[in-house]
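# Structural characterization, general
Listed below, chain by chain, are the residues.
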Amino acid sequence: MGIPLVYHTSYSKLVLPSAHRFPTTKYQLLQQYLISSGIANTKDFHSPTKICIDQLKQVHDPDYVDGFLANTLDTKQMRRIGFPWSESLVDRTLHAVNGTVLCAKLAIENGVALHLSGGYHHAHQDFGSGFCIFNDLILAASTMINSSKASKVLIIDCDVHQGDGTATLASNNTNIVTCSFHCLKNFPARKAKSDHDVEFHKYTNDDQFIETITEVVPYLINIHQPDLILYDAGVDIHINDDLGYLNISTAGILARDTIILSTAKKAQIPIAAVIGGGYSRDETELTQRHSQLFIAANSI
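In this report, the structure presented in the accompanying data block is examined. Keep in mind that this is a model prediction, so the values were computed, not measured. Along each chain, numbering runs from 1 in the same order as the chain's sequence is written. Reporting in this predicted model follows two pLDDT cut-offs: at least 70 for local features of residues, and 80 or more for side-chain atom pairs to be given and counted; totals over whole chains, interfaces and linings ignore these cut-offs and use all residues. Note that water and hydrogens are dropped before the side-chain values are worked out from all heavy atoms of the structure.

## With respect to the overall build of the protein
Put simply, the rule reads: A helix here means a DSSP run of H or I that spans at least four residues, while a strand means a run of E at least two residues long, and both kinds are numbered starting from the N terminus. In this treatment the radius of gyration is a C-alpha quantity, and the globule benchmark scales as 2.2 Å times the residue count to the 0.38 power. Relative accessibility under 20% of the residue-type maximum defines a buried residue, over 50% an exposed one, and the middle range a partly exposed one, all with a 1.4 Å probe and only protein chains included. Between two residues, a contact is recorded if the distance between any of their heavy atoms is within 4.5 Å. Per-residue accessibility takes into account occlusion by the displayed protein chains alone, with areas from the Shrake-Rupley method and a 1.4 Å probe. Positive charges are assigned to Lys and Arg, negative charges to Asp and Glu, while His and the chain termini are left out of the count. Where a charge sits is defined by one atom per residue type, namely NZ (Lys), CZ (Arg), CG (Asp) or CD (Glu).
Of regular secondary structure, the protein possesses 10 helices and eight strands. Relative to a compact globule of 300 residues, whose C-alpha radius of gyration would be 19 Å, the protein shows 17 Å and is just as compact. Along the three orthogonal principal directions, the C-alpha set of the protein runs to about 45 × 40 × 40 Å. The 300 residues of the protein split such that 59% are buried. Counted over contacts in the protein with a minimum sequence separation of 6, partners at least 24 positions apart contribute 73%. Element-wise, carbon and sulfur atoms account for 49% of the exposed surface of the protein, whose accessible area totals about 12300 Å². Computed over 23 positive and 30 negative side-chain charges, the inter-centroid distance for the protein is 2 Å.

Okay, structure coming up:
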């Protein structure tokens, strides 16, 4: 058996307007590519169930949860999320957030696990934002802590956008440590305060980016001594990403993922990774970028 992978068919069954910029097909295409290229085997995949609604309400405002599920959020709230409401959106959301919870559990059992979705770090306690409805990273961290599977969780977020929802949701929880590596001049315009914010200027290149990752990640592990790492491996840092502004190459993404995964392995800390953001009209290119995480995991 290979590295445990988490995937559900609902991830790419989201019905969106034709001009919508969210790349809903990328999840299915990534799974197909991993299997066809021999990076993964069908036996490696685990399918999540829908998350328990009471579990959502332990992290998110119950009225907000109920409003989303019943389609009673107002137009402004849904516009901030960035999706039109649909049954397929609800189905996808409940499976995807639980996919990260399952990924964390599998990582603790196996040392590493990877989720072909996740990274919904713009979801706040009582509102969604930026294609994020419920915060899977906080849900996974709090579930592992509440079930005594972990005592301290370090969230390393390398999506190009700051994990503002993650920062606010964890702000009063000393058992969840947040670190966001992101582009300073990018969404969200108003940044939250993570435990550690590492901000890059526009057009930062591979050398500067990798040097920073190499220095900061071991430092975070050393000072916080987590017993679980949740890693958002967003590829919207890529030079050709539609929403990015950093100049990181595909090789740079592979180097980043390899450093973070190998650092966790060397420290003997379980790590659960989600694929995070990545935006491109070129589906083949986007699949290649996201596949670097899986190539890196197999290389260590």
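## Regarding the packing of aromatic side chains
Quick note on the threshold: Whether two aromatic rings pair depends on their centres lying within 6.5 Å, for rings of Phe, Tyr and Trp, where Trp uses its six-membered ring; planes under 30 degrees apart make the pair stacked, over 60 edge-to-face, and the rest tilted.
Applying the stated criterion to the full structure yields 11 aromatic pairs. For the ring pair Phe 22 and Phe 83, a centre distance of 5.0 Å and an interplane angle of 90° mean the geometry is edge-to-face. Note that Phe 22 is positioned in the loop between strand S1 (5-6) and helix H1 (26-36) and Phe 83 in the loop between helix H4 (75-81) and helix H5 (87-110), a separation of 61 residues in sequence. Look at Phe 22 and Phe 131: their rings are 5.2 Å apart centre to centre, the planes differ by 65°, and that puts the pair in the edge-to-face class.

## Section: H5
Note the following rule: Expected helix span is given by 1.5 Å per residue-to-residue step, counting one fewer step than there are residues.
For H5, built from 24 residues, the straight-helix expectation of 34 Å at 1.5 Å per residue is met to within 8% by its first-to-last C-alpha distance of 34 Å. Looking one or two residues past H5, Gly 111 carries a phi angle of roughly 95°, positive in sign.

## Some words on the pairing of strand S4 (residues 153-157)
Where we set the bar: One bridge is not enough; two strands pair if DSSP finds at least two bridges between them. Crossovers are described as right-handed under a simple rule: with the strands pointing away from the observer, the path leading from the first strand over the helix to the second runs clockwise.
In terms of burial, S4 is largely enclosed, as five of its five residues are buried. What you see with S4 is no split at all: Val 153, Ile 155 and Asp 157 on one side and Leu 154 and Ile 156 on the other are buried throughout. Of the strand pairs in this sheet, S4 and strand S5 (residues 176-183) are connected by five bridges, and their pairing is parallel. Within the sheet, the bridge partner assigned to Ile 156 lies in S5 and is Cys 179. Note that the unit made of S4, helix H7 (residues 164-169) and S5 has a crossover that is right-handed. As paired elements, S4 and strand S7 (residues 228-232) share five bridges and run parallel to each other. Bridged to Asp 157 within S7 is Asp 232.

## Examining the environment of Ser 291
Let me state the cut-off plainly: Under the rule applied, a polar contact is a pair of N or O atoms within 3.5 Å (in protein, one hydrogen donor and one hydrogen acceptor; residues adjacent in sequence only if both atoms are side-chain atoms).
Tracing the backbone shows Ser 291 in helix H10 (residues 283-299). If we skip the residues at most four places from it in the chain, Ser 291 touches Leu 30, Tyr 33 and Leu 34. Reaching out from Ser 291, the side chain makes a polar contact with the backbone oxygen of Gln 288 at a distance of 2.7 Å.

## Section: unusual backbone geometry
In this structure, Pro 188 follows Phe 187 across a cis peptide bond, with omega equal to -5°. When you line up the elements, Pro 188 lands in the loop between S5 and strand S6 (196-200). At Gln 225, a position not held by glycine, the phi torsion is positive, near 50°. Residue position: Gln 225 is located in the loop between helix H8 (206-224) and S7. With relative accessibility at 55%, the residue Gln 225 sits in the exposed group. Positive phi, normally seen in glycine, also occurs at Tyr 245, with a value near 95°.

## Quick notes on helix H9 (residues 250-266)
Taking 1.5 Å of rise per residue, 17 residues should cover 24 Å, and H9 covers 24 Å from first to last C-alpha, within 8% of that figure. Among the residues of H9, those classed as buried are Gly 252, Ile 253, Arg 256, Asp 257, Ile 259, Ile 260, Leu 261, Thr 263 and Ala 264. Its buried side turned inward, H9 meets strand S3 (112-115), S4, H8, S7, strand S8 (271-274) and H10. Taken from the residues just after H9, Gln 268 is the one with a positive phi, measuring 60°.

## Considering the pattern of salt bridges
Note the threshold: Here, a salt bridge means any side-chain nitrogen of Lys or Arg that lies within 4 Å of a carboxyl oxygen of Asp or Glu.
The tally for this structure, following the rule as stated, stands at five salt bridges. Of the charged contacts in the structure, one is a salt bridge between Arg 289 and Glu 285, with a shortest N-O distance of 3.7 Å. Of this pair, Arg 289 and Glu 285 are both found in helix H10, four residues apart, which corresponds to roughly one turn of the helix. You can call Glu 285 partly exposed: its relative accessible area is 33%.

## Some remarks on the environment of Ile 300
Along the chain, Ile 300 falls in the segment after H10. Note: C-alpha distance between Ile 300 and Lys 266 (34 residues apart in sequence) is 9.9 Å. Not counting residues within four places of it along the chain, the set of residues in contact with Ile 300 comprises Thr 258, Leu 261, Ser 262 and Lys 265.

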